[in-house]
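A look at the structure
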Amino acid sequence: MYMLKTVIKVILLGVFLTSTAVAQQTPEDIRSLLEERDEQIKELVGPEGTEYTDDQRQQLKEIINGVINFEAMAKEALEETYDTISTEKRTEFVDLFATIVRDQSLNKLDIYRAKVTYEDIQVEGDEARVETLAQLENVRTPVNYEMEYQDGQWVIVDMEIDDVSTASSYNRQFQRIINQRGFEPLLESLRKRAARA
């Protein structure tokens, strides 16, 4: 009898944990996450012409990029070369890639003042696609996210702006350098770009 109760408890716990995980993986959760992030960014960005302190720029950088999985994006950008390099080189590559993307996210802060409309959110298991429309004055820009549910939270693994994938865009740049000169020259180029960030 004791064993039967224990088995039932384990089964019920499993059902509870599974249903909790599924409950956390809904379009509403993703929308709330992105809307909360959008509000925080808009509050910090302020009206046009706002001057930013270094601290504010750092906060913006963290919020804008806080839900991005740079490792996944870097791996996609590097393609099969990722599996051929050492763990140490991978770590450095991901760090440099993240530094460059984070820095570029602050190049055009006006876009973060745009009104965002959520057109569609599709969830399939631990993967999701979010399609939004960002409108700034009379300019409307499609901004889409490929997301994955990892370690209890949704993270962005790729972004499409005007139907151009961030990972694919970097992939084209990186593969051109790798094919012409090899991986080491690419890494050196990224070191220089990151140093200017």
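All values reported here derive from a predicted model rather than from experimental measurement. (Residues numbered from 1 in each chain as written. Predicted model: local features only at pLDDT ≥ 70, side-chain atom pairs only at ≥ 80, totals over all residues. Heavy atoms only, no water.)

**Focus on helix α4 (residues 70-78)**
What counts here: For each residue, the accessible area found with a 1.4 Å probe, counting protein chains only, is set against the maximum for its type, and the residue is called buried under 20%, exposed over 50%, and partly exposed in between. Only runs of H or I of at least four residues qualify as helices and only runs of E of at least two qualify as strands under DSSP, and these elements are numbered from the N terminus. The arc refers to the directions leading from the helix axis to the C-beta atoms. Any two residues whose heavy atoms approach within 4.5 Å at even a single point are treated as in contact. Between N or O atoms, a polar contact is any pair within 3.5 Å; within protein, one atom must be a potential hydrogen donor and the other a potential acceptor, and residues adjacent in sequence are included only when both atoms are from side chains.
Within the sequence span of α4, burial applies to Phe70, Met73, Ala74, Ala77 and Leu78. Projected down its long axis, α4 carries its buried residues within an arc of 130°, all on one side. If you follow the buried residues of α4, they end up packed against α3 (54-65), α5 (87-104), β4 (153-161), α6 (166-181) and α7 (183-196). Its side-chain oxygen at 3.1 Å from the backbone nitrogen of Glu71, Asn69 defines the N-terminal cap of α4. Just past α4, the residue Glu79 takes up positive phi, approximately 60°.

**A word on the packing of aromatic side chains**
Applied cut-off: Centre distance within 6.5 Å is the pairing criterion for rings of Phe, Tyr and Trp, where only the six-membered ring of Trp is used; planes under 30 degrees apart are then read as stacked, over 60 as edge-to-face, and the remainder as tilted.
Going through the model one piece at a time under the given rule, you end up with 7 aromatic pairs. Centre to centre, the rings of Phe97 and Phe174 are 6.2 Å apart; their planes meet at 75°, and the pair counts as edge-to-face. Highlighted residues: Phe97 in helix α5 and Phe174 in helix α6, separated in sequence by 77 residues. Exposure remark for Phe174: the relative accessible area of 2% places this residue in the buried category.

**A look at unusual backbone geometry**
A positive phi is found at Asp151, a non-glycine position, where the angle reads about 50°. Note on placement: Asp151 falls in the loop between β3 (139-150) and β4. A positive phi angle is found at Asp163, which is not glycine, with a value near 65°.

**Describing the layout of surface pockets**
Inclusion rule: A cavity here means a set of 1 Å grid points, computed over protein atoms only, where a 1.4 Å probe fits but cannot escape. A pocket is an open set with protein on both sides within 12 Å along at least 5 of 7 lines, and lining residues have an atom within 4 Å of a point. Grid points are joined across faces, edges and corners, and a volume is the space filled by probe spheres set on the points. Only Asp, Glu, Lys and Arg are considered charged, only Ala, Val, Leu, Ile, Met, Phe, Trp, Tyr, Cys and Pro nonpolar, and every remaining residue, Gly among them, polar.
By volume, the largest pocket is sized at about 900 Å³. Lining the largest pocket we find 30 residues, and of these Ser105, Ile111, Tyr112, Met159 and Ile161 sit closest to its centre. In terms of residue count, the dominant contributor to the lining of the largest pocket is helix α2 (residues 27-45) (5 residues). Of the residues assigned to the lining of the largest pocket, the class counts are 17 nonpolar, 9 polar and 4 charged.

**Remarks on the nonpolar core**
Rule in force here: As used here, the term nonpolar core means buried Ala, Val, Leu, Ile, Met, Phe, Trp, Tyr and Cys residues forming a set that is joined through side-chain atoms within 4.5 Å.
Formed by 41 residues in total, the largest nonpolar core has its most connected members in Phe93, Phe97, Met147 and Leu186. When residues in this core are grouped by element, the largest group, 7 residues, is from α5. Residue contacts for Phe93: discarding those within four places in its chain leaves Ala74, Leu78, Phe174, Phe183, Leu186, Leu187 and Leu190. Of all hydrophobic cores here, the second largest spans 10 residues; its members include Val45, Tyr52, Leu60 and Leu109.

**What about the sheet that holds strand β1 (residues 115-124)?**
This is how the line gets drawn: When DSSP finds two or more bridges between a pair of strands, those strands are recorded as paired. Fitted lines through C-alpha atoms serve as axes, helices being fitted only where they are in contact, and the angles separating the N-to-C directions of these axes extend from 0 to 180 degrees.
Pairing in this open sheet of 5 strands is antiparallel, and the strands run β1-β2-β3-β4-β5 from one edge to the other. Looking at the sheet topology across the chains shown, the edges are occupied by β1 and β5 (164-165). As paired strands, β3 and β4 are joined by 8 bridges and run antiparallel to one another. Residue pairing in the sheet places Glu148 in a bridge with Val155 of β4. Relative to the sheet, α2 contacts β1, β2 (127-136), β3 and β4, its axis offset from that of β1 by approximately 150°.

**A closer look at the packing of α5 against α7**
The description of two helices packed together rests on the angle between their axes and the distance between the axes. Selection rule: Small angles under 35 degrees read as roughly parallel and large ones over 145 as roughly antiparallel, with 65 to 115 read as roughly perpendicular and the rest as oblique. Each helix crossing is assigned a hand: it is left-handed if the near helix lies turned anticlockwise from the far helix by less than a right angle, otherwise right-handed if that turn is clockwise.
Viewed as axis vectors pointing N to C, α5 and α7 meet at an angle of 40°, and their least axial separation amounts to 9 Å. The angle between α5 and α7 falls in the class oblique. Considering the relative orientation of α5 and α7, their crossing is left-handed. The segment α5 lies against α7, with Lys89, Glu92, Phe93, Leu96, Thr99, Ile100 and Gln104 engaging Phe183, Glu184, Leu186, Leu187, Leu190, Arg191, Arg193 and Ala194.

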